[in-house]
Amino acid sequence: EAVQAELESLQRIAAELVPVEGRPAQEGDVAVVDLVAEDGSAQRDYVVELGSERLVEEIENGLRGLQPGESREVAYELADGSQRKATVELKQLNERVLPPLDDDLAKASSEFDTLADLRGEIEGRLRGQIDDELEGLFRAAAVDELVRATEFTPAGPLVEVCTRELLNGLARSLQERGIDANSYLQLTGQSPEALEQRLRGEATMSVAREIVLEAVADKLGIQVTDDEIREELRSAG
């Protein structure tokens, strides 16, 4: 299923976007929209695929059934239970025309000449990724279980610094994607307080993991040499 999903992703990447005529927006369409909140803040020319769940459910549902040039006022609920309204305008509507899943697609999207060779490469790569992911999940679960066993909850400057780093990282990511912070909060249905609380929880767990692992290393006398670090960096690269 994962191999097939990746092949279908290649199809979507290679697909041609064709303007939709004579019908309203529906699942799978690629829409260009303007989102204007009650306070006047707006996200212009926002590109979204309907069904990708990148918008809050009420806004995405509000887009369905619209034709280019039409708009609709949508009410939606934030994480804190308060209600907000926004106007969504459908500016452009396109649909993907997928190419056949055949040898020609393999040649156009990869270094392989046949679909069978491409499928084999994807399967091998995904198996390696799954193995690595399982190993990472196991390690993370073991550390989290250790943290819970210690009943240690860090607080203070370390947690605050880590929280700020997470907030700044999110802000940089949004800026790189051209998304206004207020629009992000509107689209995800979060309040600034709820977002900060969620990131503080992540920061608290991150600091707890680091401190507990350092304590374990000290207890067991584990030391990591510079050569071991360099070797790990080379293998990771």
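Just so it is clear, the model here is predicted, and its values are computed rather than measured.

### Structural notes on the nonpolar core
Phase 1: Leu35, Tyr46, Leu55, Ile59 and Leu63 are the most contacted members of the largest nonpolar core, which totals 28 residues.
Phase 2: Here this core takes 4 residues from strand S5 (residues 83-97), the largest share from any one element.
Phase 3: Beyond its immediate stretch of four places on either side in the chain, Leu55 contacts Leu35, Tyr46, Val48, Glu60, Leu63 and Leu187.
Phase 4: Core analysis: the next-biggest nonpolar cluster, separate from the first, contains 8 residues, Leu10, Ala106, Leu118 and Ile122 among them.

### Comments concerning the pattern of salt bridges
Phase 1: Tallying each qualifying case throughout the model produces 20 salt bridges.
Phase 2: In this structure, Glu27 and Arg64 form a salt bridge, with 2.5 Å as the shortest nitrogen-oxygen distance. Note that Glu27 is positioned in the loop between strand S1 (16-19) and strand S2 (30-37) and Arg64 in the loop between helix H2 (57-63) and strand S4 (71-77), a separation of 37 residues in sequence.
Phase 3: We classify Glu27 as exposed; its relative accessible area is 51%.
Phase 4: Salt bridges linked by common partners bring Asp34, Arg44, Asp45 and Lys91 together as one network.

### Regarding a nonpolar patch on the surface
Phase 1: Together, Leu220, Ile222, Val224, Ile229 and Leu233 make up a nonpolar patch on the protein surface, roughly 510 Å² of accessible area in all.
Phase 2: The class of Ile229 is partly exposed, set by a relative accessible area of 41%.

Rules behind the numbers
- Residues numbered from 1 in each chain as written.
- Predicted model: local features only at pLDDT ≥ 70, side-chain atom pairs only at ≥ 80, totals over all residues.
- Heavy atoms only, no water.
- Core = buried A, V, L, I, M, F, W, Y, C linked by side-chain atoms within 4.5 Å.
- Buried < 20%, exposed > 50% of the residue type's maximum accessible area, 1.4 Å probe, protein only.
- Helix = DSSP H or I, 4+ residues; strand = E, 2+ residues; numbered from the N terminus.
- Contact = heavy atoms within 4.5 Å.
- Salt bridge = Lys/Arg side-chain N within 4 Å of Asp/Glu carboxyl O.
- Patch = residues over 30% accessible without salt bridge, like charges linked within 9 Å, V, L, I, M, F, W, Y side chains within 5 Å.
- Areas by Shrake-Rupley, 256 points an atom, 1.4 Å probe, with all protein chains shown as cover.

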